[in-house]
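Survey of secondary and tertiary structure
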Amino acid sequence: MQKKSTSRPRTTGVSRMARLPLAAAIYLAMGSTAFAQDAADPEAAAPADASKGQTTSLETVTVTAQKREENLQEVPINIQVLGTEQLETMNVSDFDDYVKYLPSVSYQSAGPGFAQIYMRGVASGGDGNHSGSLPSVGVYLDEQPITTIQGPLDIHVYDVERVEALAGPQGTLYGASSQAGTLRIITNKPDPSGFAAGYGVEVNTVSHGGTGFVTEGFLNQPLSETAAIRLVGWHKHDAGYIDNVFGTRTFPSWDDDSGGNGTIDNAEEAEDNYNDVDTTGARIALRLDLNDEWTISPTIMGQKQVSNGSFAFDPNVGELALTHFYRERADDRWTQAALTVEGRIGNFDMTYAFAHLKRDVDVDADYSDYSFWYDTLYSYGAYICSELDADGACVPGTLINPSQYIQGVDGYGKTSHELRFASPQDSRFRFAAGIFLQDQKHDIEQRYLIDGDLADGLSVTNWPDTIWLTQQDRRDKDSAIFGEIAFDITDKLTANLGARFFRVNNSLKGFFGFSAGVSGSTGEAACFDQTDFDGAPCVNLDKRVKENGNIGRANLTYQATDDVMFYGTWSEGYRPGGINRRGSLPPYLSDFLTNYEVGMKSAWLDNTVIFNASLFRQEWEDFQFSILGANGLTEIKNANQARINGMELDLTWSASYNLQISGGLSMYDAELTANYCGFTDEDGIPVTVCDEPQAPSGTQLPVTPKVKGNLTARYTADVGDMQIFGQGIVAHTGKRESDLRIATRDILGKLDSYSTLDLSAGLGKNNWTLEFYINNVTDERAEISRFTQCSESVCGAAGVLADYPDGQIYSVTNQPRTFGVKFSQQF
């Protein structure tokens, strides 16, 4: 929201930093749109009695979405912003919290740190595998990209200035992973002008679950008139709410061979509320003003997040319950070092941004559904034993528990450099230009294990009890030059042109598959290089794809009045192609998105009402589509053409000094414009003519709802020398399709619409605030996504087992009703 210019003087002797919680108490948090709120200059305000319902104007919000400081209402992009106060009053602490207040954003998630983000309906679904496509939405922390190959970092949101959501292609300025949009998390910076500090504590309890807590604090310490350091730290415990209930599972093949002893149970793993999460992190930032023109800002930030259990439930077992047989845990550790140098060379502004990210994720996951369903349907367990005869067949009486579980060790690295120059922004003709270099790597190790002394002939060489091994190195390199020019045709009409010329070089090398005793044509049997590869027995995959091209952007902006602006934009975004982990498949090609958009930004009634709107059409060419193929291996193919028509609206109304109301709404119509046949030609070009397409032209794209919106109202009042406040937020997400393919969506079913209500109330005095909140008041059970552990036609097979009449399909849901108490204080 826009900053609010009030006409009430501040309390004497209270610093601006100390009053931030109270300022938040008298402003409405904007649930979906771009309007940060803060107290205005008291010298420019005249006293007024709030009880008379005096309206208040809205001040300017400054954003850096176009890599320069600008008035939000003058930027010809649909930008949604959540400012410091909104983030605090909405109880936002992580990605799942803030994404529901951004109508243009949709997502799928398997748990913390593994979200797949989509914007404006540009979503084909996919399993989010580590060898999948690059993301279509870029996520930035200040100037640094933090989107790894598998997904963005799940940063704890504290001491954050704002979150910006830039809808539509941002490729000319932000590159490959900003095909459909960009999310930017802007932190509070060190401030040499004065000391500031604060802390917050919270306790919460989850219905059907456990108890959580949060502790966090920051310190801004000037070191001199030209230098300051900012220290931030946090620790958070999220309570679990999914129960791993006791159960048994009988494998038909093993049961027959063992004389009726082929049943296992999960007694060692059964536990209530077993999906709890612990997050600990810190940030240290330094600002050094070398002189009036040059500033150096190094930052180091790190976080460790340990999540247990699964964040999905099995409806066959019960609501918020499942039965899994092996340990499930993710240990996600990352550190990012960044350096930003800002200065002037003559009349030109120069910015250099460097970042290096190191992320390590260790995962343990249950994969016994795969074994159970393949044994039930295809007698898979008859080939899993501890002893083989001379012909490679299992010796009778030696079959073992065929259940599989996964141990994954993933190491991510990402280094980026950006250097850009900008001419003076007050000139009639102005430009910005720069170069960008990025090198991403992903060291992949995935072991599919079977306990019980698996026969050597069935284990991958030198990897005991490992029936399948993935040991690969993925490398994604890209470089680009980019630029934008702007020219004021008149004092009201401005033209902008931008372009990005890019080059990508992506490769995948290593080993994947079974031992030669399991498969005579894949895995070890398919190796063409017998050299040891990071412990793997040999190399059976070594491919590379190189591409180069360009994308563009053109915009006309018309400032009709001081408060009303219209714009029209044509823009392009892209996502690089890459290598399929299954070496027999061709590489997948780059996909491109073209956006045609018109919009309006406006302020009315003495700047007490802000209304912004945009209409757009997007054409998505040869979009990349990931599926879970044979042996649970991700397959990526170009799926042909789609188009998305949409409208996005947001409104903020400062009804009085005490009351503010705001809301946002997005409506999308996203569908295929050509058949998806499910296969490509030898060059990777999607085939569109087939007798029975897996998704015919006109099929709705998955994941994104046709309607998503929210409404926020906040009321404040003075009671003596204290301020009290109350707030309500309603967020709605419409129905969605679970998959692009008709047969698969028939198995998984639709994702139902849902609405949530969050309420909060509190009081504050001087520099402290006490708040009580209830999130998800109605205890709505939202369906974020649905999935199966193996191919949907196998694990989702209906009518096979009485206990699973519709197959074994999991639902990822939101957190149940949560009641919490927060206390914060700033100095």
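**A word on the packing of aromatic side chains**
Per the stated rule, a full pass over the model turns up 25 aromatic pairs. Ring centres of Tyr140 and Tyr174 lie 5.0 Å apart, and the angle between their planes is 75°; this geometry places the pair in the edge-to-face category. With Tyr140 in strand 8 (residues 137-141) and Tyr174 in helix 4 (residues 171-174), the pair connects residues that are 34 residues apart, well separated along the chain. For the pair Tyr140 and Tyr174, one class covers both residues: buried. Between the aromatic rings of Tyr370 and Tyr380, the centroid separation amounts to 6.2 Å while the plane-to-plane angle is 80°, which identifies the pairing as edge-to-face. With a gap of 10 residues between them, Tyr370 in helix 6 (residues 368-378) and Tyr380 in the loop between helix 6 and strand 24 (405-422) connect regions that are remote in the sequence. Exposure remark for Tyr370: the relative accessible area of 7% places this residue in the buried category. In this structure Tyr380 comes out as buried when scored by relative accessible area, which is 14%.

**So, helix 6**
An α-helical segment advances 3.6 residues per turn. Residues three or four places apart therefore align on the same side. In terms of burial, helix 6 is largely enclosed, as 8 of its 11 residues are buried. For helix 6, every residue scored as buried is listed here: Ser368, Asp369, Tyr370, Ser371, Phe372, Trp373, Tyr374 and Asp375. Against strand 16 (248-250), helix 5 (252-257), strand 23 (348-366), helix 8 (792-795) and strand 41 (810-813) lie the buried residues of helix 6.

**So, the sheet that holds strand 11 (residues 181-187)**
Paired through backbone hydrogen bonds, the strands of a sheet run either parallel or antiparallel to each other. Read across the sheet, 5 strands follow the order 5-10-11-8-9 without closing on themselves; strand pairing throughout is mixed. Since the sheet does not close on itself, it has two edges, and those belong to strand 5 (79-83) and strand 9 (144-145), each with one partner. Sheet topology note: the strand 8/strand 9 ladder contains 2 bridges and is antiparallel. Of the residues in strand 9, the one forming a bridge with Leu141 is Gln144.

**A short note on the environment of Glu387**
Relative to the helices and strands, Glu387 resides in the loop between helix 6 and strand 24. Given a relative accessible area of 43%, Glu387 falls into the partly exposed group. For the pair Glu387 and Ile400, spaced 13 residues apart in sequence, the C-alpha separation works out to 9.7 Å. Other than its neighbours up to four places away in sequence, Glu387 contacts Ala393, Cys394, Val395, Thr398 and Ala455.

**Overview of the side chain of Ser133**
Within the fold, Ser133 resides in the loop between strand 7 (115-119) and strand 8. Among the polar contacts made by the side chain of Ser133, one reaches the side chain of Gln624 at a distance of 2.9 Å.

About the thresholds
- Residues numbered from 1 in each chain as written.
- Predicted model: local features only at pLDDT ≥ 70, side-chain atom pairs only at ≥ 80, totals over all residues.
- Heavy atoms only, no water.
- Phe/Tyr/Trp six-rings, centres within 6.5 Å; stacked < 30°, edge-to-face > 60°.
- Helix = DSSP H or I, 4+ residues; strand = E, 2+ residues; numbered from the N terminus.
- Buried < 20%, exposed > 50% of the residue type's maximum accessible area, 1.4 Å probe, protein only.
- Contact = heavy atoms within 4.5 Å.
- Pairing = 2+ DSSP bridges.
- Polar contact = N/O pair within 3.5 Å; in protein donor to acceptor, adjacent residues only side chain to side chain.

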